[in-house]
Amino acid sequence: TRAFLPMRYEDLYANGTSALLRSIEEASGLKANCSAIIGKGNRQLRTIPITNHTSLSDEFIDWMNEFVDWEVESRIGYYRRVAQSS
């Protein structure tokens, strides 16, 4: 039996492994011989910067702010920087 079961670590962490085990059981036709791990709920990332950034040119910061999807980046802890001339 072959199956591809894409799972994100964040989902397993938040929701536990029961859905993964169920998917494996359905794909393989076998019954799990272990208990699912209970999820820990959605974790919150820090909103306060934890590092000092190196100096970047205002042009580069403006370019990044225009072309980066900051909503997505904020999910892993990145945030928009402000150019010094702004």
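For the structure, check the block above.
Procedures and definitions
Residues numbered from 1 in each chain as written. Predicted model: local features only at pLDDT ≥ 70, side-chain atom pairs only at ≥ 80, totals over all residues. Heavy atoms only, no water. Phe/Tyr/Trp six-rings, centres within 6.5 Å; stacked < 30°, edge-to-face > 60°. Helix = DSSP H or I, 4+ residues; strand = E, 2+ residues; numbered from the N terminus. Buried < 20%, exposed > 50% of the residue type's maximum accessible area, 1.4 Å probe, protein only. Lys, Arg positive; Asp, Glu negative; His and termini not counted. Salt bridge = Lys/Arg side-chain N within 4 Å of Asp/Glu carboxyl O. Polar contact = N/O pair within 3.5 Å; in protein donor to acceptor, adjacent residues only side chain to side chain. Contact = heavy atoms within 4.5 Å.

Asks: Before we move on, can you summarise the packing of aromatic side chains with the specific residues and values?
Replies: One pass over the full model with this rule turns up three aromatic pairs. Ring centres 6.4 Å apart and planes at 20 degrees place the aromatic pair Phe-60 and Trp-63 in the stacked group. Within this pair, Phe-60 and its partner Trp-63 are both found in helix 3 (residues 58–67), separated by three residues, close to a single helical turn. Exposure remark for Phe-60: the relative accessible area of 38% places this residue in the partly exposed category. Judged by relative accessible area, Trp-63 falls into the partly exposed class, the value being 46%. Taking 5.3 Å as the distance between ring centres and 45 degrees as the angle between the ring planes, the aromatic pair formed by Trp-63 and Phe-67 counts as tilted. With a gap of four residues between them, Trp-63 and Phe-67 both fall in helix 3, about one helical turn apart.

Asks: Run through the side chain of Asp-58, naming residues and quoting values.
Replies: Looking at the secondary structure, you find Asp-58 in helix 3. We note that Asp-58 is buried and unpaired, the nearest opposite charge coming from Arg-81 at a distance of 8.5 Å. A polar contact is formed between the side chain of Asp-58 and the backbone nitrogen of Gln-84, at a distance of 3.0 Å.

Asks: Mind laying out the environment of Leu-5, listing which residues take part and the relevant values?
Replies: Residue placement: Leu-5 occurs in the segment before helix 1 (9–15). Note on Leu-5: relative accessible area 34%, which makes it partly exposed. When the C-alpha positions of Leu-5 and Ser-23 are compared, they lie 7.4 Å apart, and in sequence the two are 18 residues distant. If we skip the residues at most four places from it in the chain, Leu-5 touches Ser-23 and Ile-24.

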